[in-house]
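Understanding the architecture of this molecule
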Amino acid sequence: TEKTFKPVISKDYETVFNYVDTNSSRASIDSINSKFEHQKIAIIGLGGTGSYILDLVAKTPVKEIHLFDGDDFDQHNAFRAPGAASLGDLEKHMKKTDYLASIYSNMHKNVIPHGFYMDDTNIDRLGEMNFVFLCIDKNSVRKIIVDYLLNAEIPFIDVGLGVIEVDGKLSGLVRTTTVTEGISSQALSSIPMVDSDIDDAYSSNIQIADLNALNACFA
């Protein structure tokens with residue numbers, strides 16, 4: 001029972017969590033939650049939006065969560081990611097994947113970091129995934145990944161975020177594209193897959209945490 005409000009750790013059944021999901025049991029939605037079991041999920045890009053997606057996915061009973069990103073977790077990242085990084089965390093100069101895995105492994109047993117960028121030499125690492133969240137800003141790499149996932153018939157969600165500053169105000173958009181079997185060419189056309197030097201919203205590099213979180217919730 002959860003009524004003692006002490007942490008509940010069950011040894012009676014296999015679980016991907018380090019402690020029992022009493023939130024689902026109290027609401028009697030375990031059978032619905034179980035639909036996520038056995039799923040291997042990849043999150044490619046652990047910047048603002050990708051880190052918030054991890055925050056949400058880590059609370060589901062998916063079998064594994066694979067994190068792909070070659071960037072370090074730097075000071076500016078702390079201001080557009082969930083939680084509150086300490087000064088000590090920043091001084092470690094950890095990979096984003098290692099930093100986030102160290103946090104969310106407190107809850108989910110199978111958060112697996114891959115501290116490298118995806119390209120055509122390692123794209124086959126996605127072959128065993130059941131679903132992919134694509135959260136990157138380099139369009140040529142996005143094309144490599146999208147083409148692979150389409151060919152492998154792996155469903156995915158691709159996200160984009162663009163914010164620009166105009167006259168002391170911010171204006172922008174978030175884009176969330178879901179790609180499943182039978183997706184239309186019109187939907188695919190919303191995914192940018194060519195690098196551009198044009199100074200548009202996507203290349204401004206302005207990100208704010210509330211829009212990152214909003215896009216993650218849509219995804």
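Refer to the structure above for everything that follows.
Description of the structure in this document. This structure is a prediction, so every number in the text was calculated from the model and none was measured.

Here is what the cut-offs are and how they apply
Residues numbered from 1 in each chain as written. Predicted model: local features only at pLDDT ≥ 70, side-chain atom pairs only at ≥ 80, totals over all residues. Heavy atoms only, no water. Helix = DSSP H or I, 4+ residues; strand = E, 2+ residues; numbered from the N terminus. Expected span 1.5 Å × (residues − 1). Buried < 20%, exposed > 50% of the residue type's maximum accessible area, 1.4 Å probe, protein only. Arc of directions from axis to C-beta. Contact = heavy atoms within 4.5 Å. Salt bridge = Lys/Arg side-chain N within 4 Å of Asp/Glu carboxyl O. Pairing = 2+ DSSP bridges. Axes fitted to C-alpha atoms, helices over the stretch in contact; angles between N-to-C directions. Core = buried A, V, L, I, M, F, W, Y, C linked by side-chain atoms within 4.5 Å.

1. So, helix α6 (residues 139–152)
Between its first and last C-alpha, α6 extends 20 Å over 14 residues, near the 20 Å set by a 1.5 Å rise per residue. Of all the positions in α6, only N139, V141, R142, I145, V146 and L149 are classed as buried. The buried residues of α6 occupy an angular sector of 145° when the element is viewed end-on, so they sit on one face. Taken together, the buried residues of α6 touch β1 (40–44), β4 (131–134), β5 (156–166) and β6 (169–179). E153 sits one or two residues past α6 and shows a positive phi near 55°.

2. Concerning the pattern of salt bridges
Close approach of charged atoms lets side chains of opposite charge pair. In total, this model carries seven salt bridges according to the counting rule given. Across the salt bridge formed by R175 and D158, the nearest N and O atoms sit 2.7 Å from each other. Here R175, found in strand β6, pairs with D158, found in strand β5; they are 17 residues apart in sequence, far enough to count as distant. In this pair, the class of R175 matches that of D158, namely buried. Bridged by salt links that share partners, the residues R142, D158 and R175 form one connected network.

3. Details of the environment of L100
On the secondary structure map, L100 appears in helix α5 (residues 96–104). Along the chain, L100 and A27 lie 73 residues apart, while their C-alpha atoms are 28 Å from each other.

4. Here's the deal with the sheet that holds β6
Spatially, β3-β2-β1-β4-β5-β6 is the arrangement adopted by the six strands of the open sheet, whose pairing is mixed. Of all the strands in the sheet, just β3 (111–114) and β6 have a single pairing partner and so form its edges. The mean inter-strand angle of the sheet, taken between neighbouring strand axes irrespective of direction, is 15°. Bridge analysis of β1 against β4 gives four bridges, and the strand direction is parallel. From the neighbouring strand, A42 faces β4, where its bridge partner is V132.

5. Comments concerning unusual backbone geometry
Most peptide bonds adopt trans geometry, and most residues besides glycine take a negative phi value. Phi at S28 takes a positive value of approximately 60°, unusual for a residue other than glycine. Looking at the secondary structure, you find S28 in the loop between α1 (22–27) and α2 (30–33). Positive phi, close to 55°, is recorded for E153, a residue that is not glycine. For E153, the location among the structural elements is in the loop between α6 and β5. On the basis of relative accessibility, which here comes to 72%, the residue E153 falls in the exposed class.

6. Focus: the nonpolar core
Core analysis: the largest hydrophobic core is formed by 27 residues, its most contacted members being I43, L54, I65, L67 and F133. Elements that contribute at least two residues to this core include exactly β1, α3 (48–57), β2 (64–68), α5, β4, β5 and α8 (209–218). Beyond its immediate sequence surroundings of up to four residues, L67 is in contact with I43, L46, L54, T97, L100, A101, V111, I112, P113 and H114. In this structure, M118, I123, V141 and V146 belong to the second largest nonpolar core, which totals 18 residues.

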